[in-house]
Amino acid sequence: MAIDLERIRRDTPGTDHVLHFNNAGAALMPTAVIEAQTGHLALEAREGGYEAANLMSEKIDAVYDSIAALINAGRDEIAVVENATVAWDMAFYALAFRPGDRILTAEVEYAANYIAYLQVAKRTGAVVETIPSEPAGEVSVEALERMVDDRVRLISMTHVPTNGGLVNPAAEIGAVAKRHGITFLLDACQSVGQMPVDVQAIGCDILSATARKYLRGPRGAGFLYIRKGLVEKLEPPMIDMFAAEWVEPGRYELRKDARRFENWENNYAAKIGLGAAVDYARAVGLETSWSRLRVLADALRAGLSDIPGVSVKDIGSVKGGIVTFVKDGLSSDDIKTRLRAERVNVSVSPPSSTLLDTLARDLPPLVRASVHYYNSEDEVDRFLAAVRAL
Ligand SMILES: Cc1ncc(COP(=O)(O)O)c(C=O)c1O
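Here the residue numbers are simple positions, counted from 1 along each chain's written sequence. Since the coordinates come from a predicted model, pLDDT governs what is reported: local features require at least 70, and pairs of side-chain atoms require 80 or more to be given and counted, while whole-chain, interface and lining totals use all residues. Just so you know, side-chain values use all the structure's heavy atoms and leave hydrogens and water out.

(A) Region of the structure containing the packing of aromatic side chains. Aromatic pairs are defined between Phe, Tyr and Trp rings, using the six-membered ring for Trp, whenever the two ring centres lie within 6.5 Å; interplanar angles under 30 degrees are classed as stacked, those over 60 as edge-to-face, and all others as tilted. Scanning the entire structure with this criterion turns up 10 aromatic pairs. Judged by centre distance (5.6 Å) and plane angle (65°), the ring pair of Y50 and W264 falls under edge-to-face. Within this pair, whereas Y50 is found in helix α3 (residues 49-55), its partner W264 is found in the loop between β10 (251-254) and α10 (268-284), the two being separated by 214 residues in sequence. Partly exposed residues are those whose accessible area sits between 20% and 50% of the maximum for their type, while under 20% is buried and over 50% is exposed, using a 1.4 Å probe and protein chains only. Using a relative accessible area of 57% as the deciding quantity, one classes Y50 as exposed. Exposure remark for W264: the relative accessible area of 37% places this residue in the partly exposed category. Note on Y114 and Y117: the rings are 5.7 Å apart at their centroids and 75° apart in plane angle, and the pair reads as edge-to-face. Here Y114 pairs with Y117, and both are found in helix α6 (residues 111-124), just 3 residues apart, close to one helical turn. In this description a helix means any DSSP run of H or I spanning at least four residues, a strand means any run of E spanning at least two, and both kinds are numbered starting from the N terminus.

(B) Fine view of the site of the ligand. Among the 13 residues in the neighbourhood of the ligand, the closest are listed as T85, D187, T210, R212 and K213. Within the backbone of A84, an N or O atom sits 3.1 Å from an oxygen atom of the ligand. Two N or O atoms form a polar contact when they lie within 3.5 Å of each other; inside protein one atom must be a possible hydrogen donor and the other a possible acceptor, and for residues adjacent in sequence the pair counts only when both atoms belong to side chains. In this structure, T85 approaches the ligand through a side-chain N or O atom, which is 2.5 Å from an oxygen atom. Every accessible area reported is derived by Shrake-Rupley at a probe size of 1.4 Å, with residue values counting cover from the shown protein chains alone. Protein contact buries 90% of the 390 Å² of open area that the ligand shows by itself. Polar here means any residue other than Ala, Val, Leu, Ile, Met, Phe, Trp, Tyr, Cys and Pro, which are nonpolar, and Asp, Glu, Lys and Arg, which are charged; Gly is therefore polar. Taken together, the residues of the shell around the ligand sort by class into 4 nonpolar, 6 polar and 3 charged. The criterion for a residue being near a molecule or strand is simple. One of its heavy atoms has to lie within 4 Å of it.

(C) Region of the structure containing the sheet that holds strand β14 (residues 347-349). Two strands pair if DSSP finds at least two bridges between them. Ordered by their spatial adjacency, 4 strands build an open sheet running β11-β12-β15-β14, and the pairing between neighbours is antiparallel. Of all strands in the sheet, those with a lone pairing partner are β11 (310-312) and β14, marking the two edges. Averaged over all pairs of adjacent strands, the angle between strand axes in this sheet comes to 40°, irrespective of strand direction. Sheet topology places β14 next to strand β15 (residues 366-370); 3 bridges connect them, and they run antiparallel. Within β15, the position partnered with S347 by the bridge is R368. We call two residues in contact whenever any of their non-hydrogen atoms come within 4.5 Å of each other. Fitted lines through C-alpha atoms give the axes, limited to the stretch in contact for helices. The angle between two N-to-C directions lies from 0 to 180 degrees. In the packing of helix α11 (residues 286-305) onto the sheet, the strands contacted are β11, β12 (322-327) and β15, and the crossing angle to β12 comes to about 10°. Relative to the sheet, helix α14 (residues 377-389) contacts β11, β12 and β15, its axis offset from that of β12 by approximately 20°.

(D) Layout of the sheet that holds strand β5 (residues 152-158). The mixed open sheet is built from 7 strands, whose spatial order is β2-β8-β7-β6-β5-β3-β4. Across the chains shown, the open sheet's two edge strands, defined by having one partner strand only, are β2 (78-81) and β4 (127-131). Pairs of neighbouring strands in the sheet enclose a mean axial angle of 20°, with direction left out of account. Examined bridge by bridge, strand β6 (residues 183-187) and strand β7 (residues 206-210) share 3 bridges and lie parallel to one another. Bridge pairing in β7 links D187 to S208.

(E) Spotlight on the environment of A201. Turning to its location among the elements, A201 is positioned in helix α9 (residues 199-202). When its relative accessible area of 53% is taken as the criterion, A201 is described as exposed. Between the C-alpha atom of A201 and that of Y117, which follows or precedes it by 84 residues, the distance is 26 Å.

(F) Layout of the domain arrangement of the protein chain. For the protein chain, the assigned domains are domain 1 (5-21 + 285-389) and domain 2 (33-283). A C-alpha centroid distance of 26 Å is found between domain 1 and domain 2. Residue-level contacts link 38 residues of domain 1 with 32 residues of domain 2. Buried area is a sum: the accessible area each of two parts loses on coming together, probed at 1.4 Å, counted once for each and added. Taking both sides of the interface into account, the surface hidden between domain 1 and domain 2 amounts to around 2,600 Å²; carbon and sulfur atoms contribute 55%. For domain 1, the biggest contributors to the area lost against domain 2 are L286, I322 and L356; these three give 24% of the whole. Where each domain starts and ends comes from a domain assignment, either automatic or drawn from a database.

(G) Local environment of the pairing of β2. Side chains I78 and V80 of β2 all project onto a buried face; the interleaved residues A79 and V81 project onto the opposite face, where all are buried too. In the sheet, β2 pairs with strand β8 (residues 222-226) via 4 bridges, with the strands oriented antiparallel. Within β8, the position partnered with V81 by the bridge is G222.

And the structure:
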């Protein structure tokens, strides 16, 4: 489906003010998302916080249906939490490991996840191993297949890393995991909203995502998917009286659904905003988003490669909207600051955010220019001119 760029940019007030290539940090929210949240805050101010939640209970409930439809899951398989890290941690720390259990991950793994593997390895005697990458950069499915044995307890990796355009072959990895009956945890923080993500097609057991990045939702919200059948087997690492009911003085009963990974108090405005963002993304269409943002990202990579002194650092046979580069003679932090002075937003990927990849490729801090479908061709041209002029 062709995109109505004019309408979409009208829906995105931030596009009048900034050239925003920091969608992998936090994307510009559409008006529908902003109004959903500010409307709820106004209702809380007028009616009282608990009363507002009661008045909006159907809408709040519908957020689960929206997320479930987005990733082809059931509503009972979704928990809405503070961010992707909480979603990921709640699930990961619920898994049981014994000495010698193997956790297989990818070279581009995200720092927060890897740190958690190290902590669990230290506590339990499990071991963390990295699956080799293909020469192009993505996880090698063949190498994974060769590494599998009956001590592999978990395959866990990021779908799209924080530091570049790479897309890992999630469905092929899911097929290996399924064939061998191994739990597959997918960090889809940078892929949900960017491209179609279908948990059935991928075959992951657990998936984590955030609202503020490619979904264009608010800060401070994220969600967790846990496959039905697995939910009931997992005891969350922390529980309260929302996750479980105190049924007798010496006993509690956990909720049956994935919301056992939530807790009682939450930011309802953000939750409603997340629902609005998911509905907006689905109305635009995830295929549409994916094909358009790749056109922009490819044009950006090609244009940057033509600028003397600029090197593009993205790897992967399939590349998405995150474009990373360095420019000779300038630090990435300086580039970010100088672009910001011209109201051009990028971020910097520090080496420690993906340490294994950083060491393997000897990467310095990278400028991360991440495009979304609502960006324009004109913005790509203006960005290239700004980088050329640095
Ligand atoms: C690949 C990846 N995973 C997880 C996260 C963490 O997401 P959150 O900040 O919502 O916890 C990020 C954030 O940048 C990320 O890029």
